[in-house]
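Summary of structural features
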Amino acid sequence: MVTIPSAAVPRTKKETLPALTGLRCFAALNIVFFHFSNPKWFGPFAPIVDNGYTSVSFFLLMSGYILAYNYADRAAAGRLKTRDFWIARLSRLYPVYLLALLLSLGMLMSEWHARSHGQFALGVILTPLLLQAWNPFLSTFWNTPAWTMCTEAFFYLIFPLVILWKRPKRLWPLLGLLLGLWLLGMVLPCLYMWFHPDGDLHPGRYTDGFWIRALKFSPPPHVPAFLFGIALADLDGMISRESWRRLLFGLLGMGGLYLILYNGDRMPYPLMHDGLLMPLFGLAILGLAGHNLIARFFGFPLFAAIGGASYCLYLLHFNLWNLIHDSHVLDRLHLVQFDPWISYFLLVAAAMLVMVYVERPCQRWIRGWMKP
């Protein structure tokens, strides 16, 4: 769950926000459903699943918010040590990342046949180093969703510097900053739609080319969303947890997201992929960070528990799904009639087990080992 350490009293913790952890549960599941389902199965929620790629943009914005939430006070007090921060983030990120690559070794055979020897060798070098997304053609090499971790690693690298950025302390200038970051986040998608560098006049999910891959998968286009999340944490600190405005923000954010996603086929894909939805993501986060009916729903313990394993679920789901089905284990166990729901269950169960037995123990071990 999201916890906020206090700068003034180092050993006390601010209120946990289980609703935001629960929201991560739904965002991660939505990505799973986006990759491996028929959206029509979900009835009125079909537009959300059909545009599930937008959940990745939410996670990238949310990372800025959570990091600022956890570290802004310490940075302001001069107590944020860059080395300790990088160790803390690496200890959480890399063990599961490495496990996902090991579980995906079978995918390397497909990569070998699909790429030139030079591309394959470069992919094998860059991917374990969390650098693959800087080469758009290799961004989805080995483990398709892992490009996001390359972007997150870049965010972690720059965070100790950008958190010291002097942001407005008053409401209206801060709102102006958020507006500016939103507009900045739409600059590159708009340029792509203006110039059509890949030659596709109507780019969509299956458009493939150097520039659309760079726009979707490389770190720089996502930096405005990350900075938006950091500034959003400042705005969050200006609003009481009990304020009725948070319920309104949550309703506007969730309702606006559904309306945009419902009309997703009519919306410009490059803008939908990143940039357009930032204010609505922000409203949803502000709403769920309060004490209200929506926050109580998303904070349900089961949702929060799965949300705690959302990183593991996101990183493992793609190749683990393929591993389950390529092995035909469900056929041999006569369980195929329960698919895909049993596969979804297995993915969630595997993610929670990895969180408990890999992510957390490795995190403690690495921090202890690297402690000066």
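Each remark here, short or long, concerns the structure printed above.
For the structure given in this document, a descriptive report is provided here. Because the structure is a prediction, the values reported are computed rather than measured.

Focus on the side chain of Glu152
As for its placement among the helices and strands, Glu152 is situated in helix 7 (residues 147-162). No salt bridge is formed by the buried Glu152; its nearest oppositely charged neighbour, Arg89, is found at 7.0 Å. Filtering out sequence-adjacent residues up to four positions away, Glu152 remains in contact with Phe59, Leu60 and Ser63.

Details of a nonpolar patch on the surface
Taken together, the side chains of Leu184, Val187, Leu188, Leu191, Trp194 and Phe195 define a hydrophobic patch exposed on the protein surface, amounting to about 660 Å² of accessible area. At five residues, the largest contribution of residues to the nonpolar patch is made by helix 9 (residues 187-195). Along the chain, Leu191 turns up in helix 9. Residue class for Leu191 comes out partly exposed when judged on its relative accessible area of 42%.

Here we look at the pattern of salt bridges
Here the structure, examined in full by the defined rule, presents seven salt bridges. The partner of Arg92 in a salt bridge is Glu359, with the nearest N and O atoms 3.1 Å apart. With Arg92 in helix 4 (residues 82-103) and Glu359 in helix 19 (residues 341-370), this residue pair connects regions lying 267 residues apart in the sequence. As far as the burial class goes, Arg92 and Glu359 line up, both buried. For Asp234, the salt bridge identified is with Arg167, shortest N-O distance 2.3 Å. Linking Asp234 in helix 11 (residues 223-236) with Arg167 in the loop between helix 7 and helix 8 (171-185), this pair joins segments that are 67 residues apart in sequence. Assessed through its relative accessible area of 12%, Arg167 is described here as buried.

Remarks on the packing of helix 5 (residues 105-114) against helix 6 (residues 117-126)
The N-to-C vectors of helix 5 and helix 6 enclose an angle of 150°; their axes lie 8 Å apart at closest approach. The segment helix 5 lies against helix 6, with Leu108, Glu111 and Trp112 engaging His117, Phe120 and Val124. When its residues are assigned to classes, the contact of helix 5 with helix 6 shows four nonpolar, one polar and one charged.

Digging into helix 7
The terminal C-alpha atoms of helix 7 lie 22 Å apart, and with 16 residues this matches the ideal 22 Å at 1.5 Å per residue to within 8%. Its maximal kink placed at Tyr156, helix 7 deviates by approximately 25°, while the proline Pro160 follows within four residues. Counting buried positions over the 16 residues of helix 7 gives twelve, a clear majority of the element. Buried within helix 7 we find Trp147, Thr148, Met149, Cys150, Thr151, Glu152, Phe155, Tyr156, Ile158, Phe159, Pro160 and Val162. Looking at the buried residues of helix 7, the elements they touch are helix 3 (54-76), helix 4, helix 10 (210-217), helix 11 and helix 17 (310-326).

A closer look at the state of the cysteines
Working definition of a disulfide: a covalent bond connecting the sulfur atoms of two cysteines. Applying the stated criterion to the full structure yields zero disulfides. Distance from the sulfur of Cys312, which forms no disulfide, to the nearest cysteine sulfur (Cys362) is 10 Å.

With respect to the nonpolar core
By size, the foremost hydrophobic cluster in this structure holds 111 residues, and its most contacted members are Tyr65, Phe159 and Phe226. When neighbours within four sequence positions are excluded, Phe159 is seen to be in contact with Leu67, Ala68, Tyr71, Leu80, Phe85, Phe226 and Ile230.

With respect to the packing of helix 1 (residues 18-35) against helix 17
Taken N-terminus to C-terminus, the directions of helix 1 and helix 17 make an angle of 10°; their axes are 9 Å apart at the nearest point. Classified by the interaxial angle, the pair formed by helix 1 and helix 17 is roughly parallel. The segment helix 1 lies against helix 17, with Arg24, Ala28, Leu29, Ile31, Val32 and His35 engaging Ser310, Leu313, Tyr314, His317 and Phe318. When the residues that make up the contact of helix 1 with helix 17 are grouped by side-chain class, the tally is seven nonpolar, three polar and one charged.

A word on the environment of Leu108
The residue Leu108 is located in helix 5 in this model. On the basis of relative accessibility, which here comes to 15%, the residue Leu108 falls in the buried class. For the pair Leu108 and Phe120, spaced twelve residues apart in sequence, the C-alpha separation works out to 8.6 Å. With sequence-adjacent residues up to four places away left out, Leu108 is seen in contact with Phe120, Val124, Phe141 and Trp142.

What counts, and at which threshold
- Residues numbered from 1 in each chain as written.
- Predicted model: local features only at pLDDT ≥ 70, side-chain atom pairs only at ≥ 80, totals over all residues.
- Heavy atoms only, no water.
- Helix = DSSP H or I, 4+ residues; strand = E, 2+ residues; numbered from the N terminus.
- Buried < 20%, exposed > 50% of the residue type's maximum accessible area, 1.4 Å probe, protein only.
- Lys, Arg positive; Asp, Glu negative; His and termini not counted.
- Salt bridge = Lys/Arg side-chain N within 4 Å of Asp/Glu carboxyl O.
- Contact = heavy atoms within 4.5 Å.
- Patch = residues over 30% accessible without salt bridge, like charges linked within 9 Å, V, L, I, M, F, W, Y side chains within 5 Å.
- Areas by Shrake-Rupley, 256 points an atom, 1.4 Å probe, with all protein chains shown as cover.
- Axes fitted to C-alpha atoms, helices over the stretch in contact; angles between N-to-C directions.
- Nonpolar A, V, L, I, M, F, W, Y, C, P; charged D, E, K, R; others polar.
- Expected span 1.5 Å × (residues − 1).
- Bend = angle between axes of the 7 residues up to and from the residue.
- Disulfide = S-S within 2.5 Å.
- Core = buried A, V, L, I, M, F, W, Y, C linked by side-chain atoms within 4.5 Å.
- Parallel < 35°, antiparallel > 145°, perpendicular 65-115°, else oblique.

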